[in-house]
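Listed here are the chains, written in short residue letters.
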Amino acid sequence: MTELGYQRKVHRDDPYTDAAHLDGRWDEPIAIESLFAPAESPFAIEIEIGGGRGLFAFERLAFDPEVRLLGLEIRKKWATIVDRKLRATGLGGRSRCYAEDARVALPRLQPGGRVRAVFLHFPDPWWKKRHEKRLVLGDVVQSNIERLLMPGGELFVQTDVEHRAAQYRAFLDERAALEPKGDAPGDPLLAENPYGARSPREKRAIADGLPIYRLRYAKRA
Ligand SMILES: C[S@@+](CC[C@H](N)C(=O)[O-])C[C@H]1O[C@@H](n2cnc3c(N)ncnc32)[C@H](O)[C@@H]1O
């Protein structure tokens, strides 16, 4: 049973029984570096929350060889498919995708101040009022993102839902630990994605000609 009060369901014909989960109990700390293969040269740890089909991870790893990417995806199916593919393509030492709820997994990660970037691509697509309580970007996730980021570390959030962008912006502008890092000084808006990698939904939004609202903040020194 997790803090959020649900148990992991196991079905007899579950094709995803090999889903990767973080070791240990839901409240035990985990050394974030232990999730990657040891390396002789320094590496930069990044986290993607809710990566879905995982395209961003593969493009990001190809774009920057220093990157070690931790994926937390609540949907077991997608977490398992992405994690299997990471390992099958020889990238498992640099990136894993765990079938985990970010609201439970992030508080376990130690130490703080070790993460270079956190990505939330097109989270929270629901727009009905009753879905507000399911928003990923709430206080627990946000305070842990701030704890994990190194000074100058970046939080990148993008969405194609205009009122969600306004909501994220209102929420993030109030965070004392963050400063906006967009195209213009004092503004978090970015016209382009600067990370050399796109998420599946980002690609679809571009193909469909939808506007994309991109916000970037940095942790204050
Ligand atoms: C709209 S999809 C976007 C997928 C992908 N980021 C993209 O841009 O194509 C949102 C994703 O967030 C995942 N998600 C929602 N709540 C989550 C949580 N609490 N922890 C981890 N992943 C979550 C969903 O399962 C889904 O894959």
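Read on for an overview of the structure. As the structure is a prediction and not an experimental result, all values here were calculated from the model. (Residues numbered from 1 in each chain as written. Predicted model: local features only at pLDDT ≥ 70, side-chain atom pairs only at ≥ 80, totals over all residues. Heavy atoms only, no water.)

**Some details on the pairing of strand β2 (residues 44-49)**
Inference 1: Of all six residues making up β2, six are buried, and the element is well covered by its neighbours.
Inference 2: Direction of pairing for β2 relative to strand β3 (residues 67-72): parallel, over a ladder of six bridges. Paired with I49 across the strands is L72, a residue of β3.
Inference 3: Chirality of the crossover, the property in question, places the unit of β2, helix α1 (residues 55-63) and β3 among those that are right-handed. (Buried < 20%, exposed > 50% of the residue type's maximum accessible area, 1.4 Å probe, protein only. Helix = DSSP H or I, 4+ residues; strand = E, 2+ residues; numbered from the N terminus. Pairing = 2+ DSSP bridges. Right-handed = clockwise from strand over helix to strand, strands pointing away.)

**Focus: unusual backbone geometry**
Inference 1: Between Q110 and P111 the backbone carries a cis peptide bond, its omega angle lying at -5 degrees.
Inference 2: Note that P111 resides in the loop between β5 (109-110) and β6 (115-121).
Inference 3: Of note, F122 is a non-glycine position whose phi angle comes to about 50 degrees, a positive value.
Inference 4: Along the chain, F122 turns up in the loop between β6 and α4 (139-148).
Inference 5: By relative accessible area, F122 is classed as buried at 7%.

**Focus on the packing of aromatic side chains**
Inference 1: Counted according to the given criterion, the structure contains five aromatic pairs.
Inference 2: For the cation-ring pair, K85 lies above F58, with the distance from its terminal atom to the ring centre recorded as 4.7 Å. (Phe/Tyr/Trp six-rings, centres within 6.5 Å; stacked < 30°, edge-to-face > 60°. Lys NZ or Arg CZ within 6 Å of the ring centre and 35° of its normal.)

**Topic: the site of the ligand**
Inference 1: The immediate surroundings of the ligand are formed by 18 residues, with G50, E73, H121, S199 and R201 found nearest.
Inference 2: Side-chain polar atom of D101 to a nitrogen atom of the ligand: 2.9 Å apart, as the coordinates give it.
Inference 3: Against a free-state accessible area of 600 Å², the protein chains account for coverage of 87% of the ligand.
Inference 4: Comparing atom positions with the cavity grids shows the ligand to sit within the largest pocket.
Inference 5: At the level of secondary structure, the elements contributing two or more residues to the shell around the ligand comprise α3 (102-105) and α6 (200-207).
Inference 6: Looking at the shell around the ligand residue by residue, the classes come out as seven nonpolar, five polar and six charged. (Near = heavy atom within 4 Å. Polar contact = N/O pair within 3.5 Å; in protein donor to acceptor, adjacent residues only side chain to side chain. Areas by Shrake-Rupley, 256 points an atom, 1.4 Å probe, with all protein chains shown as cover. 1 Å grid on protein atoms, 1.4 Å probe; cavity = no way out; pocket = protein on both sides within 12 Å on 5 of 7 lines; lining within 4 Å. Sits in = over half its atoms within 2 Å of the grid points. Nonpolar A, V, L, I, M, F, W, Y, C, P; charged D, E, K, R; others polar.)

**Observations regarding the nonpolar core**
Inference 1: Judged by nonpolar contacts, the single largest core of 32 residues is most densely connected at I47, L106 and I145.
Inference 2: Elements supplying a minimum of two residues to this core: β2, β3, α3, β6, α4, β7 (149-159), α5 (162-173) and β10 (213-219).
Inference 3: Those residues within four positions of I47 in sequence are excluded, and the remaining contacts are I32, L69, L70, L72, L106, L109, V115, A117, V118, F119 and L148.
Inference 4: In this structure, V82, A99, F156 and L190 belong to the second largest nonpolar core, which totals 19 residues. (Core = buried A, V, L, I, M, F, W, Y, C linked by side-chain atoms within 4.5 Å. Contact = heavy atoms within 4.5 Å.)

**What to know about the layout of surface pockets**
Inference 1: As a volume, the largest pocket reaches approximately 850 Å³.
Inference 2: Forming the walls of the largest pocket are 28 residues, and the residues nearest its centre are G50, G52, E73, R75 and P125.
Inference 3: At the level of secondary structure, the elements contributing two or more residues to the lining of the largest pocket comprise β2, α3 and α6.
Inference 4: Per-element accounting of the lining of the largest pocket gives the leading share, three residues, to α6.
Inference 5: Grouping the amino acids of the lining of the largest pocket by side-chain chemistry returns eleven nonpolar, five polar and twelve charged. (Points joined across faces, edges and corners; volume = space filled by probe spheres on them.)

Honestly, it's all geometry; don't read function into it.
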